[in-house]
Each structure stands twice: as structure tokens, then as C-alpha cells.
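Given next are the chains, with one letter for each unit.
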Amino acid sequence: MWHQDLSDIMPMYFIESHNVDKSYVGCSSLSVKMYSNIEKILSVGKTLNILLFDPFPPTEYLENLAVYTKLHPKNEFFNINEGRQYEDRHLTELEFNPQNTLSIPESISKILKKR
């Protein structure tokens, strides 16, 4: 797993693609260093998985998600797996660590790899 320093990226818009394997997120405030690293990795034919998160409570995100789900009720992404029960959930507390600024993305990545 490769890690890049955090960059203050601001997602601006989302565009669905006709290709089911791709979607586009338009962003601003991407650091030149991060952009150069992404460009370098893509130029050698590698693919990237990028995790974008907001270090603050996602109130705007949740409001936008509510609007999006109303406008796109048939989006397959929102199908809920009925086999999961509320009692089966496993919560993980994510806490910012100033000595390890990558602790939150590392924790999320570990959780996603287990699934």
C-alpha cells in the first residue's frame, strides 16, 4: 500500500460515466506534489484507489447525499443488503492523531480490506 501526504482537496462535483467501472469527481485545491505523484503512477499503467474524507463531521455531505438519493432513487449503489442486521455492525472509533496524520485513512483501509 502506498501513502501520500494528505492534501486539502475540495470535491466540487460528481459525474457518472457510461462505463460502470468509472465515475468522475471534480476537485479543487489538490496540491501540485500530489497531482504529480498521481500523474506519475498513472503514466506507468497502474490504477489508484483514492480515499477522500473530510476531517470534520460530514453534515454537508449527508445533506447532499439526501438530495442525490431523492434525485436518483434507482441508483444500484443504494441497494441495501437485507442480509445484514443492525446487531451485526462493528463500530470503529476514528480519532485524529497529530503524530500520525495517516492514522484515519490507514484504519479505514484496514477495515475495507477485511470485507
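Residues numbered from 1 in each chain as written. Predicted model: local features only at pLDDT ≥ 70, side-chain atom pairs only at ≥ 80, totals over all residues. Heavy atoms only, no water.

Trainee: An account of the overall build of the chain is requested, with residue identities and associated values reported.
Mentor: Counting its regular elements, the chain contains three helices and two strands. When its helices and strands are written in sequence order, the chain yields β-β-α-α-α. Accessible surface, the chain: about 10,800 Å² in total, of which carbon and sulfur atoms supply 56%. (Helix = DSSP H or I, 4+ residues; strand = E, 2+ residues; numbered from the N terminus. Areas by Shrake-Rupley, 256 points an atom, 1.4 Å probe, with all protein chains shown as cover.)

Trainee: Kindly report on a nonpolar patch on the surface, identifying the contributing residues and their values.
Mentor: On the surface, M10, M12, Y13, I15 and Y24 cluster together into a nonpolar patch covering about 560 Å² of accessible area. Counting residues per element, the nonpolar patch draws most heavily on strand β1 (residues 10-16), at four residues. Take Y24: its relative accessible area is 45%, and that puts it in the partly exposed class. (Patch = residues over 30% accessible without salt bridge, like charges linked within 9 Å, V, L, I, M, F, W, Y side chains within 5 Å. Salt bridge = Lys/Arg side-chain N within 4 Å of Asp/Glu carboxyl O. Buried < 20%, exposed > 50% of the residue type's maximum accessible area, 1.4 Å probe, protein only.)

Trainee: I'd like a description of helix α1 (residues 32-43), backed by residues and values.
Mentor: Every α-helix winds through 3.6 residues per turn, so residues three or four apart in the chain are directed the same way. Helix length check: α1 (12 residues) gives 16 Å between terminal C-alpha atoms against 16 Å at 1.5 Å per residue, within 8%. Those residues of α1 that fall on the buried side of the exposure criterion are M34, N37, I38 and I41. Buried residues along α1 cover an arc of 100° about the axis, so they all sit on one side. Exposed side chains of α1 directed beyond 90 degrees from the buried face belong to V32, K40 and S43. (Expected span 1.5 Å × (residues − 1). Arc of directions from axis to C-beta.)

Trainee: An account of the environment of S28 is needed here, citing residue identities and associated values.
Mentor: Structurally, S28 is set in strand β2 (residues 23-28). Judged by its relative accessible area of 27%, S28 is partly exposed. Considering only alpha carbons, one finds S28 and Y13, 15 residues apart in sequence, at a separation of 9.9 Å. Residue contacts for S28: discarding those within four places in its chain leaves D8, I9, M10 and M12. (Contact = heavy atoms within 4.5 Å.)

Trainee: Can you lay out the pairing of β2 for me, pointing to particular residues and giving the numbers?
Mentor: Remark: a regular strand shows side chains that alternate across the two faces of the sheet. Across six bridges, the pairing between β1 and β2 is antiparallel. Following the sheet pairing, F14 is matched in β2 by V25. Here β1 folds back onto β2, and the loop between the two strands holds six residues. (Pairing = 2+ DSSP bridges.)

Trainee: Residue-level account of helix α3 (residues 103-114), with values.
Mentor: With 12 residues, α3 extends 17 Å from end C-alpha to end C-alpha; this agrees with the ideal 16 Å at 1.5 Å per step. Turning to α3, its buried residues are S103, I104, P105 and S109.

Trainee: If you had to explain the packing of aromatic side chains to someone new, which residues and values would you point to?
Mentor: Here the structure, examined in full by the defined rule, presents one aromatic pair. Considering the side-chain rings of F14 and Y68, the 6.2 Å spacing of their centres and the 85° angle between planes classify their relative orientation as edge-to-face. Residue F14 is located in strand β1, and its partner Y68 is located in helix α2 (residues 59-71); the two are separated by 54 residues in the primary sequence. (Phe/Tyr/Trp six-rings, centres within 6.5 Å; stacked < 30°, edge-to-face > 60°.)

Trainee: Tell me about the side chain of N75, and name the residues and values.
Mentor: Within the fold, N75 resides in the loop between α2 and α3. A polar contact is formed between the side chain of N75 and the side chain of Y68, at a distance of 3.1 Å. (Polar contact = N/O pair within 3.5 Å; in protein donor to acceptor, adjacent residues only side chain to side chain.)

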